[in-house]
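Listed below are the residues making up each chain.
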Amino acid sequence: MNPPGPPAVGLYPGTFDPVTRGHEDLIARALTIVDTLWVGVAEDTTKEPLFALEERVDMVREVTRKEPRIRVEAFSGLTVEFARRVGARVILRGLRAVSDFELEFQMALMNKHLAPEIEILFMAPDSTYSFLSSSLVREVARLGGDVHAFVSPAVAARLGRRFGEVR
Ligand code: ADP
């Protein structure tokens, strides 16, 4: 057996617009693999986010505040550069369905090209959350539906305020 290596640091990057129970499930299980988990909230995204960057960071901090092994920060630029900056050897992503696969695999290959020393690990969600996405939650909330089963109470309250204002 090899002697134990240095503590493993992982990065879970995403848009988190907003953070859902699916993300929370993935974060909890990532903590069984790495010692320290950075959750990187992406500023540069091709999507037009509903929530501002600071709000997305705040929501992830709210749902992870009890776990001292988690650090939540916004980042811009390349994910692999942020991973290097925080010393992450592994980038974690969720794969919900075949539909996620093609884009995720393309991104993984590009990231491996840019940073061959960083591993990319795909995790399957708990089946309860396999249908869940931030975009679906936003859509249900926009139409006035109850999203408490899918997001934390603090996130549900923010969604209610956001869409209550425009209804
Ligand atoms: P991005 O814009 O980078 O896809 P998201 O916030 O939508 O950001 O998702 C971040 C990561 O979390 C992605 O790898 C995505 O596949 C994963 N993910 C999103 N929802 C779930 C879920 N319900 N279960 C597991 N993984 C999920």
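Above this text sits the structure in question.
Residues numbered from 1 in each chain as written. Predicted model: local features only at pLDDT ≥ 70, side-chain atom pairs only at ≥ 80, totals over all residues. Heavy atoms only, no water.

Caption draft 1: Broad picture of the site of the ligand. Around the ligand sit 17 residues in total, of which Tyr12, Thr15, Phe16, Lys47 and Gly94 are the nearest. Gly94 has a polar backbone atom sitting 2.6 Å from an oxygen atom of the ligand. When the ligand sits alone it has 550 Å² of accessible area, and the protein chains cover 90% of it. Sorting the residues of the shell around the ligand by element identifies β1 (9-14), α1 (21-30), β4 (90-94) and α4 (98-114) as the ones contributing at least two each. (Near = heavy atom within 4 Å. Polar contact = N/O pair within 3.5 Å; in protein donor to acceptor, adjacent residues only side chain to side chain. Areas by Shrake-Rupley, 256 points an atom, 1.4 Å probe, with all protein chains shown as cover. Helix = DSSP H or I, 4+ residues; strand = E, 2+ residues; numbered from the N terminus.)

Caption draft 2: Geometry of the environment of Pro116. Structurally, Pro116 is set in the loop between α4 and β5 (119-123). Separated by 53 residues in the primary sequence, Pro116 and Val63 have C-alpha atoms spaced 32 Å apart.

Caption draft 3: Inspection of the pattern of salt bridges at higher detail. All chains considered together, the criterion is met by 14 salt bridges. Close ionic contact of Arg21 with Glu24 constitutes a salt bridge, the shortest N to O distance being 3.3 Å. With Arg21 and Glu24 both in helix α1 and 3 residues apart, the pair spans about one turn of that helix. Between Asp25 and Arg29 there is a salt bridge, with the nearest N and O atoms lying 2.9 Å from each other. One end of the pair, Asp25, and the other, Arg29, are both in helix α1, 4 residues apart, so they sit about a helical turn from each other. Where salt bridges share partners, they join Glu55, Glu62, Arg158 and Arg162 into one cluster. (Salt bridge = Lys/Arg side-chain N within 4 Å of Asp/Glu carboxyl O.)

Caption draft 4: Broad picture of unusual backbone geometry. Note the cis peptide between Asp17 and Pro18, where omega equals 0 degrees. Within the fold, Pro18 resides in the loop between β1 and α1. One non-glycine residue with positive phi stands out, namely Phe16, at about 50 degrees. Note that Phe16 resides in the loop between β1 and α1. Using a relative accessible area of 2% as the deciding quantity, one classes Phe16 as buried. (Buried < 20%, exposed > 50% of the residue type's maximum accessible area, 1.4 Å probe, protein only.)

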